[in-house]
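Commentary on secondary and tertiary structure
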Amino acid sequence: MAAFDRFLIKPKDADPGCLAKQAIADTLYRLEYSDETLFLKGIHHVQPEPIWGGTTDTAPRLRGTCALGLVRMNYPQVMVELGDLLADPEPEARIGAARAIAYSENDQGVPLLRLRVRIGDTSPVLSECLLALLQLAPSQSLPLVEDVLYARTAMALGAVDQAEAAALALSESRLNEAFPILRD
């Protein structure tokens, strides 16, 4: 915990790439560390670092790991934190949020995931959200996944990517009910 806090002071100099904080958070997650303070700091940490022509955030993976830590410890406000993380500007952080929601096995995550799917997203994020929905509420989510899969017929912008994300989520779900949808 003390090392994590030290790396939060001038983070781009103390921990370029956010690698040390990520390793600490991952280790504490695996050791079932149960103090939410570190995971709350990590889920909110943004670390802009200079790149040619601007900056890039190097902490989205850390935010996803800390989301898993909060789920594992049954943090009371975890769905609020995960809902906020689903709106993160970085796709990797949104993927981490979807995975954490699935890991929670909490039905309260279903509306959050459905909203993210309906709003739309990049193909990897959308696929992760659909897979999480199929894990949490398979029969309730199959019609939504089918809608996303067949949205390509509407020729909407990005519909092919969305259909691929839906097909990937259906195949990874390994649900028997998914196979007739995939055959069509």
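Residues numbered from 1 in each chain as written. Predicted model: local features only at pLDDT ≥ 70, side-chain atom pairs only at ≥ 80, totals over all residues. Heavy atoms only, no water.

**Here we look at the layout of surface pockets**
Its volume calculated, the largest pocket comes out at about 240 Å³. Listing elements by their share of the lining of the largest pocket, those giving two or more residues are α3 (19-30), α5 (60-72) and α7 (91-104). Its residues assigned to classes, the lining of the largest pocket comprises 3 nonpolar, 3 polar and 5 charged. (1 Å grid on protein atoms, 1.4 Å probe; cavity = no way out; pocket = protein on both sides within 12 Å on 5 of 7 lines; lining within 4 Å. Points joined across faces, edges and corners; volume = space filled by probe spheres on them. Helix = DSSP H or I, 4+ residues; strand = E, 2+ residues; numbered from the N terminus. Nonpolar A, V, L, I, M, F, W, Y, C, P; charged D, E, K, R; others polar.)

**Here we look at the packing of helix α4 (residues 36-44) against α5**
The interhelical angle for the contact between α4 and α5, taken along N-to-C directions, is 145°, at an axis separation of 8 Å. Once α4 is placed against α5, the crossing between them reads as left-handed. Listed contacts from α5 to Glu 36, Leu 38, Phe 39, Leu 40, Gly 42 and Ile 43 of α4 are Leu 62, Arg 63, Cys 66, Ala 67, Gly 69 and Leu 70. Grouping the amino acids of the contact of α4 with α5 by side-chain chemistry returns 8 nonpolar, 2 polar and 2 charged. (Axes fitted to C-alpha atoms, helices over the stretch in contact; angles between N-to-C directions. Left-handed = near helix turned anticlockwise from the far one by under 90°. Contact = heavy atoms within 4.5 Å.)

**As for the pattern of salt bridges**
Where charged atoms from two side chains of opposite charge come close, those side chains can pair. Evaluated as defined, the whole model comprises 8 salt bridges. The salt bridge involving Arg 30 is made with Asp 26; its shortest N-O contact spans 2.9 Å. With Arg 30 and Asp 26 both in helix α3 and 4 residues apart, the pair spans about one turn of that helix. Here Asp 121 ties to Arg 116 by a salt bridge, and the two come within 3.1 Å at their closest N and O atoms. There is no split in this pair, since Asp 121 and Arg 116 are both buried. Ionic contacts of the salt-bridge type, sharing partners, join the residues Asp 57, Arg 63 and Asp 88 into one network. (Salt bridge = Lys/Arg side-chain N within 4 Å of Asp/Glu carboxyl O. Buried < 20%, exposed > 50% of the residue type's maximum accessible area, 1.4 Å probe, protein only.)

**Side note on the packing of aromatic side chains**
The tally for this structure, following the rule as stated, stands at 2 aromatic pairs. Seen in terms of ring centroids, Tyr 33 and Phe 39 are 6.1 Å apart; in terms of plane orientation they differ by 70°. Their pairing is edge-to-face. A cation over an aromatic ring shows up here: Arg 72 above the ring of Tyr 29, its NZ or CZ 4.1 Å from the ring centre. (Phe/Tyr/Trp six-rings, centres within 6.5 Å; stacked < 30°, edge-to-face > 60°. Lys NZ or Arg CZ within 6 Å of the ring centre and 35° of its normal.)

**Notes on the packing of helix α8 (residues 109-119) against helix α10 (residues 138-149)**
At a minimum axis separation of 12 Å, α8 and α10 run at an interaxial angle of 10°. If you check the angle between α8 and α10, you find them roughly parallel. Taken together, the residues of α10 that come into contact with α8 (itself represented by Val 110, Arg 114, Val 117 and Arg 118) are Gln 140, Ser 141, Leu 144, Asp 147 and Val 148. Of the residues contributing to the contact of α8 with α10, the split by class is 4 nonpolar, 2 polar and 3 charged. (Parallel < 35°, antiparallel > 145°, perpendicular 65-115°, else oblique.)

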